[in-house]
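Descriptive analysis of the structure
So the chains spell out like this:
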Amino acid sequence: MEKITVIGCGNRNRCDDGVGPVITELLNERVKGFRTSNIDIYDTGSGGMDVMFRARGCTELIIVDACMSGSEAGSIFELPAEALRIPHDPIVNSHEFKWQHAIYAGNQIYGQDFPKHIRVILIESAHTGIGLELTDVVSDAANRVADKLFSELLPRIDKNSDRGQISYETALRIADDDNLSPSATAKMLANLANDIHSREPTQKNLQYSADLLRRATTLAGLSDYDLAQLHVGLAAVLLQFPNSDTTALHEAQLLLADAIGKLSDTEEQASAQMQRALVIQNLAAIGHADSREAIQCYQHALAVFTAQEYPVEFALIHNNMATIWLSLNLSPEKRAWYESVAIESFETALRHLREQDHPLEYAMFQNNLGNALQHLDSGDRLGNKARALQAYDRALMYRQTPTLMRANTLANRAQCLMDLPDCYDTPQLGNHQNLRMARDNATEALAIFQQHQEDERAAVVTELLAEITHLLVGVMNHE
């Protein structure tokens, strides 16, 4: 099992000579409250014997200490320990037995039980006289080393740790580094924010990401372009908040409206228009916006995202516009026309997307087309359901693993099969076979929803399964 030991060496009573123990103290603060059973952090002072004892049994050893090489104070060096394994003369006073001697002696005494992977990090001292505080330049270097070590240890901390919180707190500390320009700090915060929520988009991690991006927007000296990019990034995070959080959606809408004119690249502007359209579309679904404004934003984006150069974006826009057409509350006459436009938009999206290159998007669009066809109020009802079944089958070709997306398509397919006769040309013969397939699809979907603890969706499918079973029993009794 991997075991990492970090040891700080030095005398805390002699100013900068105590930088090693200070770094271990800073590192302990950073890991406080998280599971770190595979990481040990020690302050061993200035003696070497304790280093040798503490290092025994670990797989990786990291030593931090001060040095006086004549370099600029605060300089950071990393040395291979192999170059520093110094034999120790036993006649020498034990107080002169330092970590360099400990590495050599530990290898001789403990053999395979002593770490083979050893790193030594040294910081150039400015003052090593009597005193309890580090000089400013060495204190800054100590914080940088602590941050660097923490970022290296982060992926190796126990899986049960809250990595989002760890990354968030690390980002806040790094943001206070005066050595970074506002633009560099903003970019660093944006990258960490993206890493936090993309790794695991929980509500807490989304909040961490939003907080970091808001902090970045408050930095003095940012250009309008830098600020616009941050606003787009923040809007993208807010868009992932639950749709019931209208405050987040309204904030995202304002951020994007302000950012679009400040972005210098037409592709960036088109991408922001797509985001803005999606925000408005979500607001319109709960009665807080006009969906026609979303259509206008999508059309602006289509001026850049052509089918030839940007097939994914082009297809996604047509998919989203089709969803809007179907959501409009219209008279029966107008609804039939808009339904035909929506179906054409879905099919346009699929025509311009190579399923081999973009299987996930292809499956999503086929699933959406199936839903649209299944619930059409106009046209040939059975014919539309037959086409919907084909779309679901194509979606399932790329939704083989038991994910929530597969469960959604299975549930949709089960509902479609309920009303579809076994033979399209002779509907009077019934739908016994299709009901059996519907039952199997709904059963599998329910198992997946329960596995993922999707209680609301599981409840809906449970009702669907009960209805299918009731119909199936009725058919069997009739036979």
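What counts and what doesn't
Residues numbered from 1 in each chain as written. Predicted model: local features only at pLDDT ≥ 70, side-chain atom pairs only at ≥ 80, totals over all residues. Heavy atoms only, no water. Helix = DSSP H or I, 4+ residues; strand = E, 2+ residues; numbered from the N terminus. Contact = heavy atoms within 4.5 Å. Areas by Shrake-Rupley, 256 points an atom, 1.4 Å probe, with all protein chains shown as cover. Lys, Arg positive; Asp, Glu negative; His and termini not counted. Charge placed at Lys NZ, Arg CZ, Asp CG, Glu CD. Buried < 20%, exposed > 50% of the residue type's maximum accessible area, 1.4 Å probe, protein only. Pairing = 2+ DSSP bridges. pLDDT = per-residue confidence, 0-100. Phe/Tyr/Trp six-rings, centres within 6.5 Å; stacked < 30°, edge-to-face > 60°. Lys NZ or Arg CZ within 6 Å of the ring centre and 35° of its normal. Core = buried A, V, L, I, M, F, W, Y, C linked by side-chain atoms within 4.5 Å. Expected span 1.5 Å × (residues − 1). Axes fitted to C-alpha atoms, helices over the stretch in contact; angles between N-to-C directions. Parallel < 35°, antiparallel > 145°, perpendicular 65-115°, else oblique. Left-handed = near helix turned anticlockwise from the far one by under 90°. Polar contact = N/O pair within 3.5 Å; in protein donor to acceptor, adjacent residues only side chain to side chain. Salt bridge = Lys/Arg side-chain N within 4 Å of Asp/Glu carboxyl O.

1. Focus on the overall build of the protein
- Counting its secondary structure elements, the protein contains 18 helices and five strands.
- The dimensions of the protein, computed from C-alpha atoms along their principal axes, are 105 × 55 × 35 Å.
- Long-range pairs, those at least 24 residues apart, make up 66% of the contacts in the protein between residues at least 6 apart in sequence.
- Accessible surface computed for the protein: about 23,900 Å², of which carbon and sulfur atoms make up 51%.
- Side-chain charges in the protein split into 40 positive and 64 negative, and the spacing between the mean points of these groups amounts to 4 Å.

2. Brief notes about the pairing of strand S1 (residues 4–9)
- Extensive coverage of S1 is indicated by the burial of six of its six residues.
- Note that S1 and strand S2 (residues 39–45) share six bridges and pair parallel. Note on S2: the bridge partner recorded for Gly8 is Asp43.
- Relative to strand S3 (residues 60–67), S1 runs parallel, the two sharing five bridges. The residue of S3 that forms the bridge with Ile7 is Ile63.

3. Quick look at the confidence of the model for the protein
- Model confidence for the protein is summarised by a mean pLDDT of 86, while 92% of its residues fall at 70 or above.
- Mean pLDDT across the elements of the protein bottoms out in helix H5 (residues 163–175) (73) and peaks in helix H16 (residues 404–418) (95).

4. Concerning the packing of aromatic side chains
- Inspection of the entire model under this criterion finds five aromatic pairs.
- Ring plane angle 70° and centroid distance 5.0 Å describe the contact between Phe305 and Tyr310, whose orientation is recorded as edge-to-face. As far as burial versus exposure is concerned, Phe305 and Tyr310 are alike and both buried.
- Three or more aromatic residues link up through ring pairs in this structure, and these residues are Trp325, Trp337 and Tyr338.
- When the ring centre of Tyr42 is taken as reference, the NZ or CZ atom of Arg54 above it lies at 4.1 Å.

5. Examining the pairing of S3
- For S3, the tally of buried residues reaches eight of eight residues, placing the bulk of the element in the interior.
- Along S3, one buried face is formed by Glu60, Ile62, Val64 and Ala66 and the opposite face, lined by Leu61, Ile63, Asp65 and Cys67, is buried too.
- Two strands pair when backbone bridges link them, and S3 and strand S5 (residues 117–124) are joined in this way by eight bridges, in the parallel orientation. Within S5, the residue paired with Ile62 across the bridge is Arg119.

6. Comments concerning the nonpolar core
- In this structure, Phe305, Ile317, Leu369, Ala445, Val461 and Ile468 are the most contacted members of the largest nonpolar core, which totals 57 residues.
- Not counting the four nearest positions on each side in its chain, Ile468 is found in contact with Ala414, Met418, Leu435, Ala438, Arg439 and Ala442.
- Leu212, Leu234, Ala248 and Val279 belong to the second largest nonpolar core, which has 35 residues in total.

7. Digging into helix H13 (residues 332–351)
- The end-to-end C-alpha separation of H13 is 29 Å, in line with the 28 Å expected for 20 residues at 1.5 Å each.
- Within the sequence span of H13, burial applies to Glu339, Ala342, Ile343, Ser345, Phe346, Thr348, Ala349 and Leu350.
- Residues of H13 that are buried in the fold lie against helix H12 (311–327), helix H14 (359–374) and helix H15 (381–397).

8. Quick notes on the environment of Trp325
- Its location among the elements puts Trp325 in helix H12.
- Take Trp325: its relative accessible area is 17%, and that puts it in the buried class.
- The spatial distance from the C-alpha of Trp325 to the C-alpha of Tyr338 is 5.8 Å, given a sequence separation of 13 residues.
- Ignoring any residue separated from it by four or fewer positions in sequence, one finds Trp325 in contact with Ile295, Tyr338, Val341, Ala342 and Ser345.

9. Quick word on the packing of H12 against H14
- Running from N to C, H12 and H14 cross one another at 20°; their axes reach a closest spacing of 11 Å. Relative to H14, the element H12 lies roughly parallel. Here H12 and H14 pass one another in a crossing that is left-handed. Across the interface between the two elements, Val312, Ala315, Leu316, Asn319 and Leu326 of H12 pack against Glu361, Met364, Phe365, Asn368 and Ala372 of H14.

10. Some thoughts on the environment of Ala184
- Tracing the chain through its elements places Ala184 in helix H6 (residues 182–199).
- Sequence spacing of Ala184 and Leu206 is 22 residues, and the spatial spacing of their C-alpha atoms is 22 Å.

11. Brief notes about the side chain of Arg119
- Checked against the element boundaries, Arg119 lands in strand S5.
- Overall, the relative accessible area of 13% leaves Arg119 in the buried class.
- At 2.7 Å, the side chain of Arg119 and the side chain of Glu78 are in polar contact.
- There is a polar contact of 2.9 Å between the side chain of Arg119 and the side chain of Glu152.

12. As for the pattern of salt bridges
- Tallied over the entire structure, the rule returns 21 salt bridges.
- The salt bridge partner of Lys148 is Glu152, with a shortest N-O separation of 2.6 Å. Of this pair, Lys148 and Glu152 both sit in helix H4 (residues 136–153), four residues apart, which is roughly one turn of the helix.
- Among the ionic pairs, Asp419 bridges to Lys385, the shortest N-O distance being 3.8 Å. On the criterion of sequence distance, the pair formed by Asp419 in the loop between H16 and helix H17 (432–451) and Lys385 in helix H15 is long-range, its members being 34 residues apart.
- Given the relative accessible area of 39%, Asp419 is considered partly exposed.
- Classification of Lys385 as buried rests on a relative accessible area of 6%.
- Overlapping salt bridges, with partners in common, bring together Glu78, Arg119, Lys148 and Glu152 in one network.

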